[in-house]
Every structure is written in structure tokens, then in C-alpha cells.
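Breakdown of the fold
Residue-level listing of the chains:
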Amino acid sequence: MDKRTMFAIGILALIFAVILVYEWSGALTGVKITMAENKIITAKLLEENKIPVHMFIIVTIVDYVKHSWLCLLLAFIAAGALQEFAPRDKVIKLMGSGRGFAPYVVAGAGGPLLSMCSCSIIPLFGGLYKRGAGLGPAITFLLAAPAFNPAAILLTLGLLGWKFAAARIIVAVTAGILVGYATDKIFKNKLPEPEPMRIDTESNGVPQDHQGFGKRLVNMTLYSWEFVKMVLPLIFLGVICAGLVKAFLPPSVIIKYLGNGVLPIMLSSAIGVFMYTPTLVEVPLVRGLLESGMGTGAAMAFLLTGPALSLPSILGVCKIVKPRVPAVYATLMWMCGTAAGLIFWFLVPKF
Amino acid sequence: MKIEIFGPGCPRCHQLEKCVKDAMSELNIPADVEKISDITKIVDAGIMHTPGLRINGKMKSTGRIPKPEEIKKWIVEEK
């Protein structure tokens, strides 16, 4: 293992250690208790107290920032570190090794190591597929990577609590591996083989300068800043959507269609499959819905299928592989979403 | 000289396009600049990390936005 890999792993370990210590010492729990004590503003309160809509949104934003600023800070540092130090080429090489389950596990867990930008996931998928990683691992990457985004996980931790965050990781990686494997098996020998190009180890032959460590720390900070610029607007968008949801969707509607029960979970999973949710927007949105009465199972289902799939993404993938393929994996993901929702609902009945 | 910028449409790719255009106007060197958003073309070009920058058929950078000095250096090299 070279220095780069060690450093990347070291940073991740450090961040998770900090979170663990913080949680253990009760700091996060303290925040959650105050959360419960504060009046949770919902559409009902809006009607009763005649709070103006814009105040609503401002209060929601302030509330969310209070709960998530630390996690966001960590997320940005993590993003920059991963972007600069993660050993991408090694991960891609491992995915192409083609034996047994290893490529799948690497594909599922390697999401954050390969890409932080959700828009490069489709070209990455195309590259992985066409260059010999195989359909299965490529699909696993496509599905697990958006959910395994460290920023999204940390934001989930901050806004929804550790149970949702942990469940998200487990569910996304598991579902990704299962669906990727299943899709690969279903389409074995039924699709034209892509040209078996060797997977480049030198990132398309672009010369890599080996820069000094200090310079790379600077790069890392620059990436973090780029990441902040890219992501903060999305979070605000999510928070505004959450505020609007709380202001305009009465809890009765949410409880009826997205509350507890098998059908709401299935519906929520299905909505997630098609709805375009830029990564990170889904977290504040789901929190808003949960506060207004969404069931925990439905929320979990949406957290799986929402970031992983969307209509635009499916259409994009259709250009790389036959439409039958996305049709299959979308359906399988919907089923996984429902299953995950049901299991999570059983384990965590209340928000 | 042909400059191609590969990206499916996220803010970083637009940023790269802007940087390239700024560099070109500063250097005052004419070139054919093309922005490629089609996923199939991006994948066929072998680019896995967008945004990608290709000058005269040679891949100069992928997955990041190069500094203006670097872009100018490449443009001058490929003149």
C-alpha cells in the first residue's frame, strides 16, 4: 500500500473516529433531545397560528443548519481529501479482475473513492462497462455510488440521525451488489460484448505529476471549496423544498400516502426510482416529510431509490446499454427499496 | 487547432469551458472549441472522470479543472 492509499484511509478513519467520539459523548444526542423538545412546525401549526410562509422557510433553514453544520464541515473536508488522495486507478483495476464477488464489493464500496460528482457517475459507468469491468460491477457502482457519497451520509447523520445514516450505507451497498449481480446474470450472453479494452492504469494516458505533499494539501482544500460551491446550493434547495412541503402539504395527505404500511413504502420506493433528486437534496426533503408524518419505512425506501435512480439517469444509461437493462435494474431496485423500507420500518418504527 | 471539452452538463464542465475560452481570448490564438455532452461520445473517448479536455486529439486532463496557466501552456504547445 502506498502513501496515498494510507493517507486516504487515515483521513476517513479519523473522521469517523471523531463522529463516534462525538456521538458517544452524548453531544449529538443532546442535540436530538432539544430537537424533540422544540415545537416541530408543521402545516397544522401553520394553519392554526397563521405563520407567514417565508418565515416558515427561514425557520426551517435555521433549524437544519443548526443540526448539520458540523457534519457538513466534515463532509467537505472528506470530499476534498478523497478527491485528491483516493487511489482511483487501483480501484478501477480491482473492479476489472472479474473473479467472483470481489469486483462487486469493490464496486459497491468504491463509490466514494471514484467520484464525488454525481454527473460523472454515468460516464464512469459507461467506461467501466465498456472497458471490461463487466455489466454487473458497473451497475453496482452506478446504483451504490450516489448513496455512498460521504457528504450525503454525513448530512444524513446530522439531519436524520445515526440509524438512518448507517442503514443508508448498508442498504445502498447491499442493494447495489444484489441488483448488479442479478442483472448481470439475467443478461449473461444476451448482450453484445463490449470491446474488451484493457482498463487503463494511467487515466487515459494523461501524465500524472507527482506533486509534493504540501501542494496536495492545497489541492485538497481547493477541491473542498469547489465541492462547497457545488453542494451548498443543493442543500439549500433541499431545505427550501422541505420548508415548502411542510407549508403546503398537509400532514393528513402525507400520512395517508407516505405514512406507515406496505403500500406507502412501495409508493415511496417507486417515486424515488423516477424522481430526480440531486444527491444531498433528498436528506432535508426526507426530514421535512418525516416531521410531517412520513413513515420511517417509506423514508428509507426513498433514501435508497431516490439518489440511485432517476428518469434522466435511466435515459442516459439507455444510450450506453439497451433499454431492457435499466428496465430490469430499476424494477429490481424498486423491490429492494420496498424490502429495505419494510425491514427498516420493523427495526425503527418511529422517527 | 481543435479543442474538445467533454462533460454531461454539470457546473464543473461549464466552468472548464469558460476557463478555456478565457485562456484563448488572452492568448489570442484561433481554435475550434467544441463542447461534447453526449454520453456515448464521452464514454467512447475513454473519459471516465468528467470534465475532460482534449486538444488536437490528445487528452490533456480528466476529472479536474486545470489551472489557467496549464491550459495556456497546452494551447501554446499545440499551436
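Please read these numbers as outputs of a predicted model, since none were measured by experiment. Starting from 1, residues in each chain are numbered consecutively following that chain's sequence as written. Chain letters start at A and ligand numbers start at 1, both assigned in the order the entries are written. Where totals are concerned, whole chains, interfaces and linings use all residues; where local detail is concerned, this predicted model gives features only for residues with pLDDT of at least 70, and gives and counts side-chain atom pairs only at 80 or more.

1. Some details on the confidence of the model for chain B
Residue-level confidence of the predictor is summarised by pLDDT, bounded by 0 at the bottom and 100 at the top. Of all residues in chain B, 100% attain a pLDDT of 70 or more, and the chain-wide mean is 82. At the level of chain-chain contacts, confidence expressed as ipTM amounts to 0.78, with global pTM at 0.75.

2. Side note on the pairing of strand 2 (residues 32–36) of chain B
All names here are of chain B. At least two DSSP bridges between two strands are needed for those strands to be called paired. Secondary structure elements are defined from DSSP: runs of H or I of at least 4 residues count as helices, runs of E of at least 2 residues count as strands, and each element is numbered from the N terminus. Of the strand pairs in this sheet, strand 1 (residues 2–6) and strand 2 are connected by five bridges, and their pairing is parallel. Residue Lys 2 lies in a different strand from strand 2, and its bridge partner there is Asp 32. Here the term right-handed applies to a crossover when the path leading from its first strand over the helix to its second strand runs clockwise, the strands being oriented away from the viewer. What joins strand 1 to strand 2 is helix 1 (residues 11–27), and the crossover it makes is right-handed.

3. So, the confidence of the model for chain A
Residue and element names in this part refer to chain A. For chain A, the average pLDDT comes to 75, and 74% of its residues sit at 70 or higher. Contacts are defined on C-beta atoms placed from the backbone: any two residues whose C-beta positions lie within 7 Å are in contact. Counting contacts from residues 26–39, a segment whose pLDDT is below 50, to residues more than four positions away or on other chains yields six contacts. Low pLDDT, under 50, characterises residues 198–208; the stretch is placed with 22 contacts to residues that sit more than four places away or in other chains.

4. Thoughts on helix 9 (residues 135–147) of chain A
Residue pairs three or four apart in sequence face the same way in an α-helix, which turns once every 3.6 residues. To estimate the expected span of a helix, count its residues, drop one, and scale the result by 1.5 Å. The end-to-end C-alpha distance of helix 9 of chain A is 19 Å, a good match for the 18 Å that 13 residues give at a rise of 1.5 Å each. Across the 13 residues of helix 9 of chain A, 13 count as buried, placing the element largely inside the fold. Each residue is classified by how many other C-beta atoms fall within 10 Å of its C-beta atom, where C-beta atoms are placed from the backbone; a count of 20 or more means buried, 12 or fewer means exposed, and values in between mean partly exposed.

5. Concerning the sheet that holds strand 4 (residues 58–62) of chain B
Residues and elements named next belong to chain B. With mixed pairing, the four strands of this open sheet are ordered in space as 2-1-3-4. If you trace the sheet from one side to the other, it starts and ends with strand 2 and strand 4, each paired once. Strand after strand, the sheet turns through a mean of 20° between neighbouring axes, direction not considered. Judged from the four bridges that link them, strand 3 (residues 52–55) and strand 4 form a sheet pairing that is antiparallel. Bridge pairing links Ile 55 to Lys 58 in strand 4. Against the sheet, helix 1 engages strand 1, strand 2 and strand 3, with an angle of about 160° to strand 1. For helices, the fitted axis covers only the stretch in contact; all axes are lines through C-alpha atoms, and the angles between them, taken along N-to-C directions, range from 0 to 180 degrees.

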